[in-house]
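Structural characterization, general
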Amino acid sequence: MATTAERRAAPTRRRAPEPAPVVSGRFWIAAALLGAMVIIPFSPLANLITPPEPKGSDPATWGVGKTSTVKVTLITADSNLLSCAADKPIDGAHCAYKSETDAWPADPSAPADDNNQNVIQPYRTWPDNKLILIAGLWAEKHMAMRLHREPPTGVQSSTLARFVADCEVKFVGSLDAPKLRWNPGAQWQSEPGAALVARPVNCTISEE
């Protein structure tokens, strides 16, 4: 056992300094990502990374005799599902029904299958959900091709791909308070006011 004098004479051990923490590459990567999340949304770079909000239709440009561009979101089954009821023809076109119970009589001189060129159907614009009545939408060449490639007959509607039709249309008239039906088994709905009727001039199609 060491004496008191020996303990006093023994050198005092100093604790070795702790090494400075090493910042790993992973830390700098995480820091850079965090900084980007904070800075980029407020910089011009955000416009290149984040897709712009879809531009909707402009009802201010709508009017009988005018031409405008509208977007509608669809599945090919809509060619058979959507219908309206009104007893007034517009530009040689008409709704599928004259009233809620009476179908519009078929024209015996019309082709057996013309993709309903003169049948008016209701649609909602995308993404702003404005009502527009369009006559012969599925007879437009690009729409007819889509219908040909993806026929809805005998297919569950839920399996059909939804797409967006971006169409230049010409407004040819209006219907006062038309009755609308979005599915053959659904109830008719009343739409207050007048609804404009248009014919497609040209459509382009993109996937939703």
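Given the structure is predicted, the values throughout are model-derived calculations rather than measurements. (Residues numbered from 1 in each chain as written. Predicted model: local features only at pLDDT ≥ 70, side-chain atom pairs only at ≥ 80, totals over all residues. Heavy atoms only, no water.)

**So, the nonpolar core**
Ranked by size, the top nonpolar core spans 23 residues in total, and within it L74, Y123, I132, L137, W138 and M143 carry the most contacts. Of all the secondary structure elements, the ones that give two or more residues to this core are β1 (67–74), β5 (131–135), α5 (141–149), β6 (163–176) and β9 (194–207). With 5 residues, β6 is the single largest residue contributor to this core. If we skip the residues at most four places from it in the chain, M143 touches L74, L137, W138, F163, A165, C203 and I205. (Core = buried A, V, L, I, M, F, W, Y, C linked by side-chain atoms within 4.5 Å. Buried < 20%, exposed > 50% of the residue type's maximum accessible area, 1.4 Å probe, protein only. Helix = DSSP H or I, 4+ residues; strand = E, 2+ residues; numbered from the N terminus. Contact = heavy atoms within 4.5 Å.)

**Observations concerning the sheet that holds β9**
Sheet architecture is open: 6 strands sit in the order β1-β6-β9-β5-β4-β3, paired in mixed fashion. Two strands close off the open sheet at either side, each with one partner strand: β1 and β3 (94–95). Examined bridge by bridge, β5 and β9 share 2 bridges and lie parallel to one another. By the bridge assignment for β9, L133 is matched with V197. Together, β1, β6 and β9 form the strand contacts of α5, whose direction differs from that of β9 by roughly 65 degrees. (Pairing = 2+ DSSP bridges. Axes fitted to C-alpha atoms, helices over the stretch in contact; angles between N-to-C directions.)

**Structural notes on the environment of A96**
Looking at the element boundaries, A96 is found in the loop between β3 and β4 (119–124). A residue is classified by how much of its surface remains accessible, and A96, at 27% relative accessible area, is partly exposed. The spacing of A96 and Q121 is 25 residues in sequence and 7.8 Å in space, taken between C-alpha atoms. Residues within four places of A96 in sequence aside, it is in contact with S83, C84, A103, W104, V119 and I120.

**A short note on the packing of aromatic side chains**
This structure, assessed with the given rule, holds 3 aromatic pairs. Between the aromatic rings of Y97 and W188, the centroid separation amounts to 5.4 Å while the plane-to-plane angle is 75 degrees, which identifies the pairing as edge-to-face. Of the two residues, Y97 is situated in the loop between β3 and β4 and W188 in the loop between β7 (179–181) and β8 (189–190); the sequence distance between them amounts to 91 residues. You can call Y97 partly exposed: its relative accessible area is 22%. An angle of 85 degrees between the planes, with centres 6.4 Å apart, marks the rings of W138 and F163 as edge-to-face. Remark: F163 occurs in strand β6 and W138 occurs in the loop between β5 and α5; sequence separation between them is 25 residues. Owing to a relative accessible area of 2%, W138 belongs among the buried residues under this scheme. Directly above the aromatic system of F163 lies the positively charged group of R146, at a separation of 4.2 Å from the ring centroid. The lysine or arginine in question, R181, covers the ring of Y97, its NZ or CZ lying 5.2 Å from the ring centre. (Phe/Tyr/Trp six-rings, centres within 6.5 Å; stacked < 30°, edge-to-face > 60°. Lys NZ or Arg CZ within 6 Å of the ring centre and 35° of its normal.)

**Things to note about the confidence of the model for the protein**
Chain-level statistics for the protein give a pLDDT mean of 84 and a share of 73% at 70 or above. Taken element by element, the predicted model of the protein shows its lowest mean pLDDT in helix α3 (residues 45–49) (51) and its highest in strand β2 (residues 83–85) (98). (pLDDT = per-residue confidence, 0-100.)

**A look at the state of the cysteines**
Under the definition given, this model contains 2 disulfides. Each disulfide pairs two cysteine sulfurs, and for C167 the partner residue is C203, the sulfurs being separated by 2.0 Å. Taking the torsion about the sulfur-sulfur bond, which here is approximately 110 degrees, the covalent link between C167 and C203 counts as right-handed. In this pair, C167 sits in strand β6 while C203 sits in strand β9, placing the two residues 36 residues apart along the sequence. When the bonded cysteines of the protein are numbered from the N-terminus onward, they pair as 1-2, 3-4. (Disulfide = S-S within 2.5 Å.)

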